[in-house]
Amino acid sequence: MKKHAKTVSLLGVATVAMFGFGFALVPLYEVLCNITGLNGRSDSIVTAADEIDYQLDPDRLVTVQFLTDVNSGMPWDFSARQTSIQVNPGKLNTVVFDATNRSGQDMVGQAVPSMRPSEAAGYLRKTECFCFTQQPFEAGEQRQMPMRFVIDPELPARVDTISLSYTFFDATSIAAN
Amino acid sequence: MSEAHAHDHHDDHHHGPEPGIMRWIKTTNHKDLGTLYMWFSFTMFMIGGMMALVIRAELFQPGLQFVDPGFFNSMTTMHALVMIFGGVMPGFVGLANWMVPMMIGASDLALPRINNWGFWILPFAFTLLLSTLFVDGGAPAAGWTMYPPLVLQSGDSLPLLIFAVHMMGVSSITGAINIVVTILNMRAPGMTLLKMPLFVWTWLITAYLLIAVMPVLAGAVTMLLTDRYFGTSFFSAAGGGDPVMFQHIFWFFGHPEVYIMILPAFGIISMIIPVFARKTLFGYDSMVYATASIAFLSFIVWAHHMFTVGMPVAAELFFMFATMLIAVPTGVKVFNWVATMWKGSMSFETPMLFALAFVFLFTIGGFSGLMLAIVPADFQYHDSYFVVAHFHYVLVPGAVFSIMAGVYFWLPKWTGHMYDEKLGKLHFWLSTIFVNVTFFPQHFSGLAGMPRRIPDYATQFAEFNMISSIGAFGFGFSQLILLFVVIKCIRGGQPATGRVWEGARGLEWSIPSPAPYHSFETPPDVPDSEVTSAQEQHA
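Notes on the structure in this doc start here. All values reported here derive from a predicted model rather than from experimental measurement.

### Considerations on the overall build of chain B
Reasoning step 1: From N to C terminus, chain B includes 16 helices and zero strands.
Reasoning step 2: Here the C-alpha atoms of chain B give a radius of gyration of 23 Å, agreeing with the 24 Å that 2.2 N^0.38 yields for 539 residues.
Reasoning step 3: The dimensions of chain B, computed from C-alpha atoms along their principal axes, are 70 × 50 × 45 Å.
Reasoning step 4: Of all 539 residues assigned to chain B, the portion counted as buried reaches 61%.
Reasoning step 5: Approximately 19,900 Å² of chain B is accessible, and the part contributed by carbon and sulfur atoms is 70%.

If you want it as structure tokens, here you go:
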């Protein structure tokens, strides 16, 4: 019986540990995505404007495309003024996004960024983005939101196009908590 | 059977079964609980089967005939949940309950009371799950994989689904712990690990897999619950979460789960083929190591279920090659079974027929799995009927056939009567023909581009779907023969000898048939003649 108690408690500990492991996968996933650029989530490397001291590379042009989406059922308009621009690595660029809350209620939106190819993820720095924080919009409010970014000249040579995608999600209830 | 042992102070062990219904509710006897598990499994097999027939009736012709699309999606979701957690898994647990103690010379499982609880949670779990058919918003319809955000849009069924999954998890984990403790601590002296029958080995490894991954599933569905009701954002992008993460966590459970449903099948087939080939199993040690390798590899291949979510090429290559690597130990097993039959003196009773069909048809499922492992090809096959054909080949003529093979193989030991061989063979041939009629055409409709989980389809798929539906109804109704054979065998028939089968070796065959209510109350000697792993004496 003593022998059983020992084996059972070892297996019981294993069970509890694996339950915990399931939850530990959440932060592990975050870390892994940020390190590797998996899932394109590490696109938002945040940098203050005065920290950037890249050498301008005037000979190289990289195409940056912007995709804008609103999650299903959310009554917002959201678009980029330019869907595609060509930029020199090392230069600070500004793109303006327009968003409108077409509903009759105050809402809070959260834009979630994603990028392709993921190997470019570590080479794009943003100094300003509406995606950094939740965006409260009053009923019917219309707003222009600039996004400023710079591409690291170290970006691998085979990357000539970067696609940045932003999807607005309704975060009203999350913001209320 | 109540031989009194003077030194045995556990008087209650000498009682036979309690009369009446309370025997089944209060029982802690592994044989009674094994029987309960098997009947429960069969009941769920029938309920899940009826759901499959609703699906196949709707798909008999293009267009919407019988059910609305929402209910159709509920049927595909519930069919999977009922068959996986109610049909296949309890079926294997039932066989383990009955056979593991007898195979290792133990008197019962290590924790008989836990065993009783573990079983009796299940009817409640499935009542909860099936009750969702009647709640507001209908039964879960987002697929058995429960992907957010879709699953979070379920109606009132979501918490019922989640609690049902929790209860099934508790049942599986307690069952698994019980089996590990029994195998590690209660083997008869002389029954060393590498003398254990392969069914015991495969169940030991399966039990470890269960302990490792069922808690992860419990965690994943708990996160769904808190996301829906308690304001967390594990999988909600708006709150900083990521729905793709659910897929990673789910398949970290889900891929080992696939092997939970096939490793015991490997064990059963490895018990049956040597008996009817009248040879010892070829390559016993390699069978054990192959099983362990498959179990290990099952933890590092999960992302092949989600190649299309967008992964770096390096990750896709890793998961592709790791997945293909599983074909190596699986191939070892298939070749060992073939080598066991090589130059054997074979006979073809029903259990052997099912085992042979398993070897053929499971291998077809394995090959289509290899095709699916190829990343560029998977982008074409993903979410098509090719996937449906693949996993039904490994689950129906794979896992389910192995359970049926085990039932025919051990039924004489359980009941003390031989089953009706003619009807058994009829059941086998109808099942085997119809299972192929059902699922083989699905390869073609899948390759032609028919998506899964849809109630209607383009008319170009009409012929294949009609054939598939005819096969499904044929297969479904053929199972009534199994029910009839089992009931007939319980009620009477030609008395079975203790050995039952001519070539049978192992402790379970050294006791009378039917197996006494309490067997091996004192640990038996383990003579070499009963060790299935022993090297063959004569060529």
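Moving on, there is more to tell.
### A few points about the side chain of Gln442 of chain B
Reasoning step 1: With respect to the secondary-structure elements, Gln442 of chain B resides in helix H15 (residues 421-447).
Reasoning step 2: If sequence neighbours within four positions are ignored, Gln442 of chain B has contacts with Arg56, Tyr385, Phe386, Val388, Ala389 and Ser468 of chain B.

### Observations regarding the side chain of His4 of chain A
Reasoning step 1: As for its placement among the helices and strands, His4 of chain A is situated in helix H1 (residues 2-36).
Reasoning step 2: Sequence-distant contacts of His4 of chain A, defined by excluding residues within four places in its chain, comprise Ala110, Val181, Asn185 and Met186 of chain B.

### Brief notes about the interface of chain A and chain B
Reasoning step 1: Between chain A and chain B, the residue contacts involve 29 residues of the former and 35 residues of the latter.
Reasoning step 2: Carbon and sulfur atoms make up 73% of the area that chain A and chain B hide from each other, which totals about 2,500 Å².
Reasoning step 3: Together, His4, Leu11 and Tyr29 of chain A form the three largest contributors to the area buried by chain A at its contact with chain B, with a combined 21%.
Reasoning step 4: On the surface where chain A and chain B come into contact, there are zero salt bridges.
Reasoning step 5: Inspection of the region where chain A meets chain B yields four residue pairs in polar contact (both at pLDDT 80 or more).
Reasoning step 6: With 17 residues, H1 of chain A is the single largest residue contributor to the side of chain A that touches chain B.
Reasoning step 7: Taken together, the residues of the side of chain A that touches chain B sort by class into 15 nonpolar, nine polar and five charged.

### Section: the sheet that holds strand S6 (residues 107-116) of chain A
Backbone hydrogen bonds are what pair the strands of a sheet, in a parallel or an antiparallel way.
Residues and elements named next belong to chain A.
Reasoning step 1: The strand order across the open sheet formed by five strands is S4-S2-S10-S6-S8, and the pairing between neighbours is mixed. Strands with a single pairing partner mark the edges of an open sheet, and in this sheet they are strand S4 (84-87) and strand S8 (135-137). Each strand of the sheet is rotated relative to its neighbour by a mean of 30°, with strand direction disregarded.
Reasoning step 2: In the sheet, strand S2 (residues 62-70) pairs with S4 via four bridges, with the strands oriented antiparallel. Opposite Val62, over in S4, you have Val87 as the bridge partner.

### With respect to the packing of aromatic side chains
What characterises a pair of aromatic rings is the spacing of the ring centres plus the angle enclosed by the ring planes.
Reasoning step 1: Per the stated rule, a full pass over the model turns up 56 aromatic pairs over all chains.
Reasoning step 2: Arranged with centres 5.8 Å apart and planes meeting at 90°, the rings of Phe66 of chain A and Phe97 of chain A form a pair that is edge-to-face. With Phe66 of chain A in strand S2 and Phe97 of chain A in strand S5 (residues 92-101), the pair connects residues that are 31 residues apart, well separated along the chain. For the pair formed by Phe66 of chain A and Phe97 of chain A, the shared burial category is buried.
Reasoning step 3: For the pair Trp302 of chain B and Phe319 of chain B, a centre-to-centre distance of 5.2 Å together with 65° between the ring planes defines the contact as edge-to-face. Here Trp302 of chain B is found in the loop between helix H9 (284-297) and helix H10 (313-325), whereas its partner Phe319 of chain B is found in helix H10, with 17 residues between them in sequence.
Reasoning step 4: A relative accessible area of 7% means that Phe319 of chain B is categorised as buried.
Reasoning step 5: Among the aromatic residues, those joined into a cluster by ring pairs are Phe199, Phe276, Phe354, Phe401, Tyr408, Phe409, Trp410, Tyr419, Phe428, Trp429, Trp501 and Trp509 of chain B.
Reasoning step 6: One residue, Arg143 of chain A, lies across the ring of Phe137 of chain A, its end atom 4.0 Å from the ring centre.

### Topic: the packing of helix H12 (residues 350-373) of chain B against H15 of chain B
Residue and element names in this part refer to chain B.
Reasoning step 1: Contact pair H12 / H15: the axes reach a minimum separation of 10 Å and the direction vectors enclose 10°. On the basis of their axis angle, the class for H12 and H15 is roughly parallel. Residues Thr350, Leu353, Phe354, Ala357, Leu361, Ile364 and Ser368 of H12 form the contact with H15, whose own contacting residues are Glu421, Gly424, Lys425, His427, Phe428, Trp429, Thr432, Val435, Asn436, Phe440 and His443.

### Considerations on the environment of Asp32 of chain B
Residue and element names in this part refer to chain B.
Reasoning step 1: As for its position among the elements, Asp32 is in helix H2 (residues 30-58).
Reasoning step 2: For Asp32, the contacting residues outside a window of four places in its chain are Arg23, Trp24, Thr27 and Tyr517.
Reasoning step 3: Within the structure, the side chain of Asp32 is placed 3.0 Å from the side chain of Thr27, a separation counted as a polar contact.

### Brief notes about the pairing of strand S10 (residues 161-170) of chain A
Residue and element names in this part refer to chain A.
Reasoning step 1: Of all ten residues that make up S10, eight are buried, and the element is covered over most of its length.
Reasoning step 2: By the bridge criterion, eight bridges tie S2 to S10 in an arrangement that is parallel. The residue bridging Phe66 from the neighbouring strand is Leu164, located in S10.
Reasoning step 3: Summarising the sheet, S6 and S10 pair through eight bridges and their orientation is antiparallel. Bridging across to S10, Gly109 finds its partner in Asp170.

### Quick notes on the nonpolar core
Reasoning step 1: Among the nonpolar cores identified, the biggest contains 189 residues, and Phe85, Phe199, Trp337, Trp410 and Trp501 of chain B are the most heavily contacted of them.
Reasoning step 2: Residues contacting Trp501 of chain B, with those up to four places away along its chain left out, are Val275, Phe276, Glu349, Pro351, Tyr408, Phe409, Pro412, Met418, Tyr419 and Trp509 of chain B.
Reasoning step 3: One finds Val62, Met74, Phe97 and Phe137 of chain A within the second-largest nonpolar core, a separate group that totals 32 residues.

### Concerning the pairing of strand S9 (residues 142-151) of chain A
Residues and elements named next belong to chain A.
Reasoning step 1: Sheet topology places S5 next to S9; nine bridges connect them, and they run antiparallel. Residue Asn93 lies in a different strand from S9, and its bridge partner there is Phe149.
Reasoning step 2: Note: strand S7 (residues 124-128) against S9, four bridges, orientation antiparallel. The residue bridging Glu128 from the neighbouring strand is Arg148, located in S9.

The rules behind the values
- Residues numbered from 1 in each chain as written.
- Chains lettered and ligands numbered in written order.
- Predicted model: local features only at pLDDT ≥ 70, side-chain atom pairs only at ≥ 80, totals over all residues.
- Heavy atoms only, no water.
- Helix = DSSP H or I, 4+ residues; strand = E, 2+ residues; numbered from the N terminus.
- Rg over C-alpha atoms; globule rule 2.2 N^0.38 Å.
- Buried < 20%, exposed > 50% of the residue type's maximum accessible area, 1.4 Å probe, protein only.
- Areas by Shrake-Rupley, 256 points an atom, 1.4 Å probe, with all protein chains shown as cover.
- Contact = heavy atoms within 4.5 Å.
- Buried area = accessible area lost by both parts, 1.4 Å probe.
- Salt bridge = Lys/Arg side-chain N within 4 Å of Asp/Glu carboxyl O.
- Polar contact = N/O pair within 3.5 Å; in protein donor to acceptor, adjacent residues only side chain to side chain.
- Nonpolar A, V, L, I, M, F, W, Y, C, P; charged D, E, K, R; others polar.
- Pairing = 2+ DSSP bridges.
- Axes fitted to C-alpha atoms, helices over the stretch in contact; angles between N-to-C directions.
- Phe/Tyr/Trp six-rings, centres within 6.5 Å; stacked < 30°, edge-to-face > 60°.
- Lys NZ or Arg CZ within 6 Å of the ring centre and 35° of its normal.
- Parallel < 35°, antiparallel > 145°, perpendicular 65-115°, else oblique.
- Core = buried A, V, L, I, M, F, W, Y, C linked by side-chain atoms within 4.5 Å.

So, to be careful, I would describe these as geometric facts and stop short of saying anything about function.
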